[in-house]
Structure formats: structure tokens, C-alpha cells
Amino acid sequence: MGLVMEEMYIEWGRQAREALEKPVPVSFNRVFRSVIVAGMGGSGIVGDVLSTLSSKYSSPPIVTVKNHLLPGFASKEDLLLVVSYSGNTVETLRVFDSALERNIPMVAVSSGGLLKTRAYEHGVPHIQLPEGLAPRASLPSMLYGVVKLLYENNLLNIPFEIVEESVSFLEEETGKAIAKAGVIAEWVDRSKGLLVISTHSPLESLGLRGKNEFNENAKIPVKVDVAPEWMHNDIVGYEAPFLKDFAILEVVDPGDKVGVMLVDFMRTVYARVTGSFHRLVLEGNSLLDKILYGSMVFGLSSCKLARIRGIDPLKTASIQEYKKAAGAIFGA
Ligand code: PA5
């Protein structure tokens, strides 16, 4: 792997631009009822972000599958996107195989692996990702490739200027994201508590992305609290927690007044158990800008925290350990 992790994130603007320049592998010339996106971890997050965008831009529903089970409702009326950076993730391959058996239209997305081989064998269109990246650091390649595919097939009604502007935005704001990431990493390190990402709808995918990044790069457990659902369950958990040390990372869209007020309210509750707060105010004009900016800050801050702790952000030994066992578990 040529690039160190931080460089992979710093080059996100270029990654996004290259993905947008590639022609899409297929034009379906037909209508689909829904889009199903299968993928795990760093590949699976693509489905979460797409689902947020489809809801915002009133597009056909996007359903995410983060396991080995193709949903029962899936039929020839739906389009399945199978996303695996390595192309070798057993759960994702299981979904691909089930879809083949059920004749479900598909597009595969990978840098290579068994998914690419099987896609070519069965005539399934394939989006080629650049090689040599960590799966989670290839988010723009996966996301923009798929956004273009869905847009051109009338499955995502996002104005295309918003997609193009987000690429320039990513390139221009990288410096700001690096600076903010450094501050967050040092704050998390000083806090030493359970990191809680406190955010508001419709930023669920970004909150989850933040958790995954701190898990995999910095090797720490993280909790994600999303208002207003938080107000109906998690809130009570802060009345009598076993754990006493929390570090609350607030993530807000400044253009969403209700969202900001909800996160402000959450602070009044957390303040009963901790004094450790930091706020990430998302930059950008569109929801896509904001999700990408936040994701870049999370990527870089989790790498920086890993470095402070003397940990390699790239290696995910326990995921590899699981992947070795997964073949036997799933009978692959
Ligand atoms: O980011 C990572 O390294 C992981 O979350 C992987 O994405 C996950 O294990 C699935 O692998 P892949 O993306 O190769 O399908």
C-alpha cells in the first residue's frame, strides 16, 4: 500500500473527481421500484449515505443490507448494488450469490477480488475502484461512482451541480478539515472517556461513519446518539450510567435550526454526567458537502488520535481475524 492513511483522506477531492469522470458501466433504460445496497463496514456506509440523499431528494427508496441476507422483498423490480472494496467479503458475496439465484438486476462495485471475478463470469456490470486504498478511505471513489450510476439511471434525483460542487468543495476545504481534525484528536485523547457522537437527524449516516472511523483507525469504542430519537430512549440511560467518563463530540448542521436546538438540549442532559464537550460545526452548502466534510474530519482525526496513541490506523487485526473465521461460519 503506497499511501499512508492520512494521505488517502487528504486526496479525497481527487478520488471524487476521478470517480465522476469515469463513464457508468450500464444504462438500464427502465424503471426500478427501489435500490438495495449491500456492503459491510467501510463499503456498507455507501448505502447509508445514499439512503440519506435519496430521502432528501425524493428519489426511489434505498434500502441498505449490512449482512449476508438478501431481503425477502427483493425481486426483478429492484436494482441491487453490491459494494465491497476488496471484493472478498463473505457476507457481501453471499448477497451477490443469492441475487444471482433470484435473477435480480445487479451492479457490482469493487477494486478486484471474487466479486469482480464473479461479476465478469455472470455478465454483471462492474464499477472498478482504484487499488491500494483502505476500504474506509475509498469512500469518495465508491460513493461518487455509484451516485453517477444512479443519477444517470434516474434513480437519484440530486441536482448534478450539487454533486460537482461538492468535489470542488472537498478540494478547497481539505486544509480546514485537517486543522479541525487535529483539535478533535487532541481533545479526545485528553478526555479519555467513552467517545459519544451526539448529532441530529438527518445526519445518522455521518454519526455512524464517525463511530466506524474512530473504531477502526483509533481502535476505541464509540457510541452514536441521534436526536430526536435519542430523546425517547438513550436519554434515560444517562440518568444512572455505570460509566462515568464520557467525551461528547457534538456534530451539527448550522443550517438546521431544529437540529442545533436538539443537540443543545442533549448537552443539558449530558452535563449531569460529564463536562467534556467539543462541537464540530459542519461546513458546506449542501447536505452532501456537509456529510463529506464531516467524514473527512472523522477520518483524519481518528488517524491523528491513533498516531498520538502510537497505533497504526491502517491495520485492523481483529477484522482480519474475523474474516479468517467467516468462511467457516458462513460455509463459504
Ligand atoms: O474499512 C474497512 O477496512 C472495513 O470496514 C471493511 O470495509 C469491511 O471489513 C468490509 O470489507 P470490504 O470493504 O473489502 O468489503
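Check the entry above for the structure.
Residues numbered from 1 in each chain as written. Predicted model: local features only at pLDDT ≥ 70, side-chain atom pairs only at ≥ 80, totals over all residues. Heavy atoms only, no water.

(A) Expanded view of the site of the ligand. Taken together, 13 residues lie around the ligand, and Ser43, Ser84, Ser86, Thr89 and Arg136 are the ones closest in. The side chain of Ser84 places a nitrogen or oxygen atom 2.6 Å from an oxygen atom of the ligand. One of the side-chain N or O atoms of Lys323 is found 2.9 Å from an oxygen atom in the ligand. For the ligand, whose free accessible area comes to 380 Å², the fraction covered by protein is 94%. Its atoms largely coinciding with the cavity grid, the ligand occupies the largest pocket. If one sorts the elements of the shell around the ligand by residue count, helix H3 (residues 41-56) sits on top with three residues. When grouped by side-chain class, the residues that make up the shell around the ligand number four nonpolar, six polar and three charged. (Near = heavy atom within 4 Å. Polar contact = N/O pair within 3.5 Å; in protein donor to acceptor, adjacent residues only side chain to side chain. Areas by Shrake-Rupley, 256 points an atom, 1.4 Å probe, with all protein chains shown as cover. 1 Å grid on protein atoms, 1.4 Å probe; cavity = no way out; pocket = protein on both sides within 12 Å on 5 of 7 lines; lining within 4 Å. Sits in = over half its atoms within 2 Å of the grid points. Helix = DSSP H or I, 4+ residues; strand = E, 2+ residues; numbered from the N terminus. Nonpolar A, V, L, I, M, F, W, Y, C, P; charged D, E, K, R; others polar.)

(B) Quick look at the layout of surface pockets. Of the volumes computed, that of the largest pocket is approximately 530 Å³. Along the walls of the largest pocket sit 27 residues, with Gly42, Pro135, Glu216, Ile319 and Lys323 positioned nearest its centre. Within the residue set of the lining of the largest pocket, elements represented by two or more residues are H3, helix H4 (90-101), helix H8 (204-216) and helix H12 (317-330). Looking at side-chain class alone, the lining of the largest pocket contains ten nonpolar, eleven polar and six charged residues. What the second largest pocket holds in volume is close to 210 Å³. Counting residues per element, the ones that place at least two in the lining of the second largest pocket are H4, helix H5 (113-121) and H12. Looking at the lining of the second largest pocket residue by residue, the classes come out as seven nonpolar, four polar and five charged. (Points joined across faces, edges and corners; volume = space filled by probe spheres on them.)

(C) Geometry of H4. Look at H4: 17 Å from first C-alpha to last across twelve residues, which is about the 16 Å you get at 1.5 Å a residue. Regarding H4, the residues found buried are Val90, Glu91, Thr92, Leu93, Val95, Phe96 and Ala99. Check the buried side of H4 and you find it contacts strand S1 (34-38), strand S2 (62-65), strand S3 (78-83), strand S4 (106-110), H5 and H12. Phi for Asn103, located one or two positions after H4, is positive at around 55°. (Expected span 1.5 Å × (residues − 1). Buried < 20%, exposed > 50% of the residue type's maximum accessible area, 1.4 Å probe, protein only. Contact = heavy atoms within 4.5 Å.)

(D) A look at the nonpolar core. Ranked by internal contacts, the top residues of the largest apolar core, which has 77 residues, are Leu50, Leu81, Leu143, Tyr144, Leu150, Leu195 and Phe214. Aside from chain neighbours lying at most four places away, what touches Leu150 is Val35, Leu50, Ile62, Leu79, Leu81, Leu155 and Leu156. Ile36, Val65, Phe96 and Ala108 belong to the second largest nonpolar core, which has 17 residues in total. (Core = buried A, V, L, I, M, F, W, Y, C linked by side-chain atoms within 4.5 Å.)

(E) Expanded view of the packing of H3 against helix H11 (residues 287-308). Running from amino to carboxyl end, H3 crosses H11 at an angle of 160°, the nearest separation of the two axes being 11 Å. In terms of orientation, H3 lies roughly antiparallel with respect to H11. Seen along the crossing, H3 lies across H11 with a hand that is right-handed. Touching Val49, Thr52, Leu53 and Lys56 of H3 are Leu287, Leu288 and Ile291, all from H11. Taken together, the residues that form the contact of H3 with H11 break down as five nonpolar, one polar and one charged. (Axes fitted to C-alpha atoms, helices over the stretch in contact; angles between N-to-C directions. Parallel < 35°, antiparallel > 145°, perpendicular 65-115°, else oblique. Left-handed = near helix turned anticlockwise from the far one by under 90°.)

(F) Structural view of the environment of Arg118. Here Arg118 is to be found in helix H5. Judged by relative accessible area, which is 23%, Arg118 ranks as partly exposed. Along the sequence, Arg118 and Ile104 sit 14 residues apart, while their C-alpha atoms lie 15 Å from each other. With sequence-adjacent residues up to four places away left out, Arg118 is seen in contact with Leu93, Phe96 and Asp97.

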